[in-house]
Amino acid sequence: MLIDRLKEIVGPKGWVTDPVELAPRLLDWRGAVQGAALIQVSPSDVTQVSDIVRACADAGVAVVPQGGNTGMCAGAVPDGSGTQVLLSLGRMNAIRAIDSANFSMEVEAGCILENIQQAAVGAGRFFALSLGAEGSCQIGGNLATNAGGINVVKYGTARAQVLGLEAVLADGSIVSSLRSLRKDTAGYDLKQLFIGSEGTLGIISAATLKLYPDPGPRSTALIALQSSGQAVRLFAHLRERLSDSIEAFELVSGYVFGLVQKHIPGTALPFATSAPWYVLLQAVASEGDESLEDALLGAAETQLIDDAAVAKNSAEANAFWRMRHSIAEAERAEGKAQKHDISVPVSRLEEFLLRGDELLSKMVPDAQLVAFGHVGDGNLHYNVALPDGSNDGQRVTDAIYELVAETGGSFSAEHGIGSVKRKYLPRYRGGSEIALMRTLKRALDPNNILNPGKVI
Ligand code: FAD
Ligand code: MLT
Ligand code: ZN
């Protein structure tokens, strides 16, 4: 019987069937999607992952990989049938090696992101991926979703942080390309298949990550603005002056920071009066560029900014970032806004914001825009809270996604597709792209046992 075989593979510490213990693993982070599972198995190495997948393949039973379960699209939650196996990577959390001279690090998939960042710092290096869930999300989940976060403007998404990968395929075989090379054109770049595939093409078991030199001290500023369009213009202004020194450029509406102050104890803005919009900006000191302070003074002279607070020390900078990183939690506490994780070219962001305002005020005048995001990447969390009892949800989402398409954007910028956005994929990806995605899925997982019902 499959259950007995799985228990034998992982040993007594590696499985859970108790419903109370399983419960938090079966509800997605937002509390919107409830699943069920036959069993949760937690392998301790890649051989066990391989044996689990092979056993499930033999039995024709689906496997749902789960990291920290912080994903926003319910991709890590099994369906409600109770027949799927939940494969938790959390016990595979070793940092195997750091090669300081090669600026690389080999880790198992279940490593918590923050632990990876700290290990890099301990070796005098820097790992660039950073996001609000870093204390609990795992690198396997980050890679499976091609997570973005706050540093994309300078360092790129999760995909750009990977040199090598190890994955278990649907038949249990292990594909290991754990190389630590920056240049390697020997055949197809297979690791990229698994990055961003949300557990539907293989189970990521380990990765070789790219490290950077320690970027040294940063300047962090919180800037008050009258309009979101000003933020887009400010980004262009500062990027001209600070070039690649800008690590993060985040937009947050006054309403959203209000939610943070309401729900997250000990948070406060450093300004006497509140503003409609804010930018949180972080830059590294870089020779030859203007200082952040001088660049901001220039922006104030041309009325690009209303007010700015430059953090005087790391405690102040951390307090600004705590407010930013708490947004998802504050938004969840307030109630479920409809999430729209969209991106458009930065050059069309201002147009998108103007047209979005118009659209919402016509369509749902009593809705509340809950907007924040990574403006430096053209990625906004353009969320909308509708009044209780409203039936406009679907209409609003459809209209926003149409506007995104008209402005050259994507309806899914950094959170992935999971189960909740699956129905939109065929609408917004061309027929040939969908056909190729299906061909890949069929080739790699002909019996559809890897995270079925997600993405495609
Ligand atoms: P999970 O939620 O466990 O899984 C996500 C998907 O990956 C699922 O489809 C799952 O099946 C698959 N998966 C997990 N592990 C593996 C594996 N080893 N092999 C194959 N497939 C696997 N996202 C951003 O992009 N940018 C942000 O700024 C950001 N901020 C966030 C802030 C907060 C407070 C929260 C709660 C979430 C945030 N997210 C953000 C979303 C989420 O944290 C990221 O998507 C994260 O990368 C998910 O990692 P996880 O380990 O929790 O994955
Ligand atoms: C963020 O930028 O804070 C995350 O993507 C999480 C969210 O959108 O809620
Ligand atoms: Zn985000």
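All values reported here derive from a predicted model rather than from experimental measurement. (Residues numbered from 1 in each chain as written. Chains lettered and ligands numbered in written order. Predicted model: local features only at pLDDT ≥ 70, side-chain atom pairs only at ≥ 80, totals over all residues. Heavy atoms only, no water.)

(A) Region of the structure containing the pattern of salt bridges. Inspection of the entire model under this criterion finds 20 salt bridges. When the shortest N-O distance is used, the salt bridge between D244 and R239 registers 3.2 Å. Between D341 and K421 there is a salt bridge, and its shortest N-O distance comes to 3.8 Å. Residue D341 is located in strand β16 (residues 341–343), and its partner K421 is located in the loop between α14 (393–406) and α15 (425–428); the two are separated by 80 residues in the primary sequence. Linked through salt bridges whose partners overlap, the residues forming this network are R348, E351, R355 and E406. (Salt bridge = Lys/Arg side-chain N within 4 Å of Asp/Glu carboxyl O. Helix = DSSP H or I, 4+ residues; strand = E, 2+ residues; numbered from the N terminus.)

(B) Fine view of the site of ligand 1. With respect to spatial proximity, 36 residues lie near ligand 1, and among them P65, G67, G68, T70 and G71 are the closest. Within the backbone of N69, a nitrogen or oxygen atom sits 2.9 Å from an oxygen atom of ligand 1. Here N451 contributes a side-chain N or O atom positioned 3.1 Å from an oxygen atom of ligand 1. When ligand 1 sits alone it has 970 Å² of accessible area, and the protein chains cover 95% of it. Sort the elements by how many residues they give to the shell around ligand 1 and helix α5 (residues 139–144) lands first, with four residues. (Near = heavy atom within 4 Å. Polar contact = N/O pair within 3.5 Å; in protein donor to acceptor, adjacent residues only side chain to side chain. Areas by Shrake-Rupley, 256 points an atom, 1.4 Å probe, with all protein chains shown as cover.)

(C) Spotlight on the coordination of the zinc ion (ligand 3). Protein coordination at the zinc ion (ligand 3) comes from H374 (NE2), H381 (NE2) and E414 (OE), with a distance range of 1.8 to 2.1 Å. Sequence spacing of the donors to the zinc ion (ligand 3): H-x6-H-x32-E. With H381 in strand β18 (residues 379–385) and E414 in the loop between α14 and α15, this pair connects stretches of sequence that are 33 residues apart. Across the pair, E414 and H381 agree in class, each one buried. (Donors = N, O, S within 2.8 Å, 3.2 Å for Na, K, Ca; no water. Buried < 20%, exposed > 50% of the residue type's maximum accessible area, 1.4 Å probe, protein only.)

(D) A look at the sheet that holds strand β8 (residues 162–168). Strands sit in the order β5-β6-β10-β8-β9 across an open sheet of five strands; the sheet is antiparallel. Every other strand in the sheet has two partners, leaving β5 (95–99) and β9 (174–177) as the edge strands with one partner each. Averaged over all neighbouring strand pairs, the angle between strand axes comes to 10°, with direction disregarded. With five bridges connecting them, strand β6 (residues 104–108) and strand β10 (residues 203–210) associate as antiparallel partners. Counterpart to M105 in the pairing with β10 is L209. Packed on one face of the sheet, helix α3 (residues 46–59) meets β8, β9 and β10 and runs near 45° to β8. (Pairing = 2+ DSSP bridges. Axes fitted to C-alpha atoms, helices over the stretch in contact; angles between N-to-C directions. Contact = heavy atoms within 4.5 Å.)

(E) Molecular detail of the environment of A248. Note that A248 resides in strand β13 (residues 246–253). Sequence-distant contacts of A248, defined by excluding residues within four places in its chain, comprise I150, N151, V153, L280, L281, Q282 and W321.

(F) Highlighting the site of ligand 2. Within the structure, ligand 2 sits among M72, R324, A328, K339, F372, H374, H381, E414 and H415. One of the side-chain N or O atoms of K339 is found 2.7 Å from an oxygen atom in ligand 2. At a separation of 3.0 Å, an oxygen atom of ligand 2 approaches a polar side-chain atom of H381. Its free accessible area being 270 Å², ligand 2 has 86% of it covered by the protein chains. For the shell around ligand 2, the residue count by class is three nonpolar, three polar and three charged. (Nonpolar A, V, L, I, M, F, W, Y, C, P; charged D, E, K, R; others polar.)

(G) Up close: the pairing of β6. Taken across its five residues, β6 has four buried, putting it largely inside the fold. Here β5 runs beside β6; their pairing, made up of four bridges, is antiparallel. Paired with I98 across the two strands is M105, which belongs to β6. The loop that links β5 with its antiparallel partner β6 comprises four residues; one of these, F103, has a positive phi angle of about 50°.

(H) Local environment of the nonpolar core. Counting 53 residues, the largest nonpolar core has L6, L87, F127, I139 and I203 as its most contacted members. It is α3 that contributes the most residues to this core, six residues altogether. Beyond its immediate sequence surroundings of up to four residues, L87 is in contact with V41, P43, V49, I52, V53, V63, V64, P65, Q66 and I203. Ranked by size, the runner-up nonpolar core spans 47 residues in total, among them I305, V384, Y424 and V455. (Core = buried A, V, L, I, M, F, W, Y, C linked by side-chain atoms within 4.5 Å.)

(I) Inspection of the pairing of β8 at higher detail. Among the seven residues that make up β8, seven are buried, leaving the element largely enclosed by the rest of the structure. For β8 and β10, the ladder comprises six bridges, and the chain directions are antiparallel. Note on β10: the bridge partner recorded for A167 is I204. Note: β8 against β9, four bridges, orientation antiparallel. Residue E166 lies in a different strand from β9, and its bridge partner there is S176. In textbook terms, the turn of a hairpin is the stretch between consecutive antiparallel strands, and for β8 and β9 this stretch comprises five residues, one of which, G172, has a positive phi near 95°.

(J) Summary view of the packing of helix α8 (residues 228–242) against helix α10 (residues 292–301). One can describe the packing of α8 onto α10 by two numbers: an axis separation of 10 Å at closest approach and a directional angle of 140°. By the criterion of interaxial angle, the relationship of α8 to α10 is oblique. In terms of crossing hand, the pair formed by α8 and α10 is right-handed. Contacts between α8 and α10 involve L234, H237, L238, R241 and L242 from the former and L292, A295, L296, G298 and A299 from the latter. Within the contact of α8 with α10, the residues separate by chemical class into seven nonpolar, two polar and one charged. (Parallel < 35°, antiparallel > 145°, perpendicular 65-115°, else oblique. Left-handed = near helix turned anticlockwise from the far one by under 90°.)

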